[in-house]
Structures are given as structure tokens and as C-alpha cells.
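Per-entry structural report
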Amino acid sequence: MADKKTDEGKDFAIGAARIAVERNCTDVVVLDLRGLSPATDYFVIATGTSDRQMRTVIDEVKQLARESGFERFGQAGYEQGRWILVDFVNVVVHVFDEEYRGYYDLEMLWGDAKRLKIDD
């Protein structure tokens, strides 16, 4: 059962990343944090060009979550639109503006994490 849940999380993370790519976010990555983080299995990280675009990506990811059976555990930053975080427990989606992405540099912080391919 855990393997099925992990596969579903991976599929959801890649689906969320594809939404970000389709909505013209840049530097979209999926980090596999299994075995590295006790809090989550995958990070999806993207850079948006405007707060409106970032909120659209998050809204579409939340729709994908509903369709995929993932419940939102928490959300932060939606109104400010500088760093929007949505926590689906085993997948956490981060959409940053360029300044915040560089400042927080999650890829460096989780440098040991494997990057997953987003494209087929």
C-alpha cells in the first residue's frame, strides 16, 4: 500500500510540475525527498513571472489535487503572491517569484535530493 501511495505522490508531483510548465513558469523542478525529509516525499518548485500567474498555477494544482484524491493540508502566501506554498502532505508545491526563489534556494538546501524528469 505504501508503494501505491508513493507512486500516486510521484505522479501528482509530476502533474503539478507540468501545470507550472504549461502556464509558463520557469525553472520547474521536482525533488524526490524520500529518505531525506521526514515531512514530505516530493517538492515541486517553480518560478512565476507575476502574482496572477502564480495564483493561477496554484488554483490549477489544487484542482488536480481534488481530481486525484489529494487533500490540501495547508497553504501560505496566496494573497501576497511572492512565495505560494501548498502542502498536500506527501507533496509540497512551491511557486516563487524570482527574488524569493533566489533567496530561499530550496534546491541548494535539498542538494542531495534526486531531480525527477517532468517530461515523458
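Located above this text is the structure these notes cover.
What comes next is a walk through the structure. (Residues numbered from 1 in each chain as written. Predicted model: local features only at pLDDT ≥ 70, side-chain atom pairs only at ≥ 80, totals over all residues. Heavy atoms only, no water.)

**Focus on the overall build of the protein**
For the protein, the helix and strand inventory stands at four helices and six strands. Going residue by residue from the N terminus, the α and β elements of the protein occur as α-β-β-α-β-β-β-α-α-β. A compact globule built from 120 residues would reach a C-alpha radius of gyration of about 14 Å, and the protein, at 13 Å, matches this within 12%. Counting only C-alpha atoms, the protein reaches 40 × 30 × 30 Å along its principal axes. Across the 120 residues that make up the protein, the buried fraction comes to 45%. (Helix = DSSP H or I, 4+ residues; strand = E, 2+ residues; numbered from the N terminus. Rg over C-alpha atoms; globule rule 2.2 N^0.38 Å. Buried < 20%, exposed > 50% of the residue type's maximum accessible area, 1.4 Å probe, protein only.)

**Overview of the packing of aromatic side chains**
Throughout the structure, instances matching the rule amount to eight aromatic pairs. Ring centres 4.5 Å apart and planes at 45° place the aromatic pair Trp83 and Tyr104 in the tilted group. Residue Trp83 is located in strand β4 (residues 83-87), and its partner Tyr104 is located in helix α3 (residues 98-104); the two are separated by 21 residues in the primary sequence. Put simply, the rings of Trp83, Phe96, Tyr100, Tyr103 and Tyr104 pair up and form one aromatic cluster. Positioned over the ring face of Tyr78 is Arg55, at 6.0 Å from the centre of the ring. Geometry around Tyr78 places Lys62 over its ring, the cationic atom sitting 5.0 Å from the centre. (Phe/Tyr/Trp six-rings, centres within 6.5 Å; stacked < 30°, edge-to-face > 60°. Lys NZ or Arg CZ within 6 Å of the ring centre and 35° of its normal.)

**Focus: the pairing of β4**
Relative to β4, strand β3 (residues 74-76) runs antiparallel, the two sharing three bridges. Bridge pairing links Gly74 to Asp87 in β4. As consecutive antiparallel partners, β3 and β4 are separated by six residues, and within that stretch Gly77 has a phi angle of approximately 85°, a positive value. Inspection of the sheet shows β4 paired to strand β5 (residues 91-96) by five bridges, in the antiparallel sense. If you follow Asp87 over to β5, its bridge partner there is Val92. Taken together, β4 and the strand that follows it, β5, pair antiparallel across an intervening segment of three residues, in which Val89 is found at a positive phi of about 75°. (Pairing = 2+ DSSP bridges.)

**Considerations on the nonpolar core**
Grouped together as the largest cluster of nonpolar side chains are 27 residues, with contacts concentrated most on Val30, Val44, Val61, Phe88 and Val93. Counting only elements with at least two residues in this core, the list comes to α1 (2-22), β1 (26-32), β2 (42-47), α2 (51-68), β4 and β5. Sequence-distant contacts of Val61, that is, excluding residues within four places in its chain, are made with Phe12, Ala16, Ile19, Phe88 and Val93. Counting nine residues, the second largest nonpolar core, distinct from the first, contains Leu33, Phe43, Phe96 and Leu106. (Core = buried A, V, L, I, M, F, W, Y, C linked by side-chain atoms within 4.5 Å. Contact = heavy atoms within 4.5 Å.)

**With respect to unusual backbone geometry**
The phi dihedral of Asn24 falls on the positive side, at around 70°, and the residue is not glycine. With respect to the element layout, Asn24 can be found in the loop between α1 and β1. Residue classification places Asn24 among the exposed positions, given a relative accessible area of 57%. Despite not being glycine, Asp27 shows a phi value in the positive range, around 50°. Checked against the element boundaries, Asp27 lands in strand β1.

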